[in-house]
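Okay, here's what each chain looks like letter by letter:
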Amino acid sequence: MAKIDDMALFAHVVKAGGLAAAGRKLGLSPASMTARINQIEKRYGTRLLTRNTRSISLTDTGERFYSGCLRVIEEVENTENMIQDSQNTLRGHLRISATSDFGRQYVAPALAEFTSNHPDVSPHLMLSDGLINIIDEGVDIAFRFGNLPDSNLICRPLAQNRRVLCASPDYIKHNGLPRHPEELSKHRCLILERSGQPLNEWYFEVNNKRQSIKVEPHLSCSDGEVIRRWAVQGYGIAFKSLIDIRKDLSNNKLILLLDEYVRGFSHSDTEVVGVQAIYPSRQYLPMQVKAFLTYFEQWLNTQALNT
């Protein structure tokens, strides 16, 4: 078995957190996985993993070997991508993460068009409004709103955006128009949940001072698209990103509320909350990833935001 294959298998085991989990992804039995790891350790004459029935951990030598494996794999992929680029052919995996509403409205159709032009690219789109570790999940690009905290990740701004409060004209007709953030206590609020926690503390700026108001959930969901649909159907007031509801605003299905006060879901939100593309490394960005980033930015600004 080629050394590069063994390195890739070892990296899969570490990322998956166990032999069985890695074997399921690779289509190999636990016995085969154990035999392969034993062969690798025998080749180098040292123990790389400490194993028990439930988990694995890296030895000191295993840590160094794992880092080396990642560098070798990246270099091989980078070399392959350079060859592919010289042939004007894009191929390889493309793993993308996006928030549910933005992902369905924008990323999914753009990705479908992109892969129709590049059939050798194998895409996988993960939709979630929860926070994920893109390194652990093997994500090439994550599309998110807001300001990226201090991180080793690369952040590429794509479009302007801001947080807004919205409701349907029918809801306002039957429940009245709130004139001040404090009046939200009298209204039915639609709450996004993240990692099981309701985002029901909403932030505003009143008389140049930051103010938070904790609203009572009328309906809650971990999917932002569901929150938007509930708002369109007249079930309550939703806190959304402007880019997610722009079509509903243009069709008069939703209207903005308290727009002069709204800031966001957290104390770090500001008046402008951009759409960001986040990815692990600029140095070894595969060609299919780089090409889709360029394609999506153009698609978003020409076909989506300017229609």
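Residues numbered from 1 in each chain as written. Predicted model: local features only at pLDDT ≥ 70, side-chain atom pairs only at ≥ 80, totals over all residues. Heavy atoms only, no water.

1. Thoughts on a nonpolar patch on the surface
- A cluster of nonpolar side chains, contributed by Ile4, Val72 and Val76, occupies part of the molecular surface with about 180 Å² of accessible area.
- For valine 72, the position within the fold is in helix α4 (residues 60-86). (Patch = residues over 30% accessible without salt bridge, like charges linked within 9 Å, V, L, I, M, F, W, Y side chains within 5 Å. Areas by Shrake-Rupley, 256 points an atom, 1.4 Å probe, with all protein chains shown as cover. Salt bridge = Lys/Arg side-chain N within 4 Å of Asp/Glu carboxyl O. Helix = DSSP H or I, 4+ residues; strand = E, 2+ residues; numbered from the N terminus.)

2. Some words on the packing of aromatic side chains
- Counting across every chain of the model gives 13 aromatic pairs.
- The interplanar angle of 25 degrees and the centroid separation of 5.9 Å between the aromatic rings of phenylalanine 292 and phenylalanine 296 together place this pair among those described as stacked. You can see phenylalanine 292 and its partner phenylalanine 296 sitting in helix α9 (residues 287-304), four residues apart, about one turn around the helix.
- Three or more aromatic residues joined by ring pairs form one cluster here, namely Phe102, Tyr106, Phe114, Phe143, Phe145, Phe292, Tyr295, Phe296 and Trp299.
- One residue, lysine 247, lies across the ring of tyrosine 106, its end atom 5.8 Å from the ring centre. (Phe/Tyr/Trp six-rings, centres within 6.5 Å; stacked < 30°, edge-to-face > 60°. Lys NZ or Arg CZ within 6 Å of the ring centre and 35° of its normal.)

3. Details of the packing of helix α1 (residues 3-16) against helix α3 (residues 30-44)
- Relative orientation of the contacting elements α1 and α3 amounts to 120 degrees, with a least axis distance of 11 Å. In terms of their interaxial angle, α1 and α3 are classed as oblique. α3 is crossed by α1, and the crossing has left-handed handedness. Each of Lys3, Asp5, Asp6, Leu9, Phe10 and Val13 in α1 lies in contact with α3, whose residues at this interface are Met33, Arg36, Ile37, Ile40, Arg43 and Tyr44.
- Considering only residue class, the contact of α1 with α3 consists of seven nonpolar, no polar and five charged. (Axes fitted to C-alpha atoms, helices over the stretch in contact; angles between N-to-C directions. Parallel < 35°, antiparallel > 145°, perpendicular 65-115°, else oblique. Left-handed = near helix turned anticlockwise from the far one by under 90°. Contact = heavy atoms within 4.5 Å. Nonpolar A, V, L, I, M, F, W, Y, C, P; charged D, E, K, R; others polar.)

4. Focus: the nonpolar core
- Leu165, Leu184, Trp202 and Phe204 are the most contacted members of the largest nonpolar core, which totals 31 residues.
- Among the elements of the structure, β7 (163-167), α6 (169-175), β8 (189-194), β10 (201-206), α7 (224-232) and β13 (237-241) are those that each provide at least two residues to this core.
- Not counting chain neighbours up to four residues away, the residues in contact with phenylalanine 204 comprise Leu165, Pro181, Leu184, Lys209, Arg210, Gln211, Ile213, Tyr261, Val262 and Arg263.
- Counting residues in hydrophobic clusters, the runner-up holds 30 residues, among them Ala98, Ile154, Leu158 and Trp299. (Core = buried A, V, L, I, M, F, W, Y, C linked by side-chain atoms within 4.5 Å. Buried < 20%, exposed > 50% of the residue type's maximum accessible area, 1.4 Å probe, protein only.)

5. As for the pattern of salt bridges
- Overall, the coordinates contain 15 salt bridges when judged by the stated rule.
- Between arginine 156 and glutamate 297 there is a salt bridge, with the nearest N and O atoms lying 2.8 Å from each other. One end of the pair, arginine 156, is in strand β6 (residues 154-159); the other, glutamate 297, is in helix α9, and 141 residues separate them in sequence.
- Judged by its relative accessible area of 23%, arginine 156 falls in the partly exposed class.
- Taking the relative accessible area as the measure of exposure, glutamate 297 reaches 24% and is therefore partly exposed.
- Salt bridges sharing partners connect three or more residues here, namely Asp101, Arg104, Asp223, Glu225, Arg228, Arg229, Lys240, Asp244 and Asp248.

6. Considering α7
- All buried positions along α7 are accounted for by Gly224, Glu225, Ile227, Arg228, Trp230 and Ala231.
- If you follow the buried residues of α7, they end up packed against α5 (100-117), β7, β8, β12 (217-221), β13 and α8 (242-250).
- Two or three places before glutamate 225, at the opening of α7, aspartate 223 has a side-chain oxygen 2.8 Å from that residue's backbone nitrogen.
- Downstream of α7 by one or two residues, glycine 234 has phi in the positive range, about 85 degrees. (Polar contact = N/O pair within 3.5 Å; in protein donor to acceptor, adjacent residues only side chain to side chain.)

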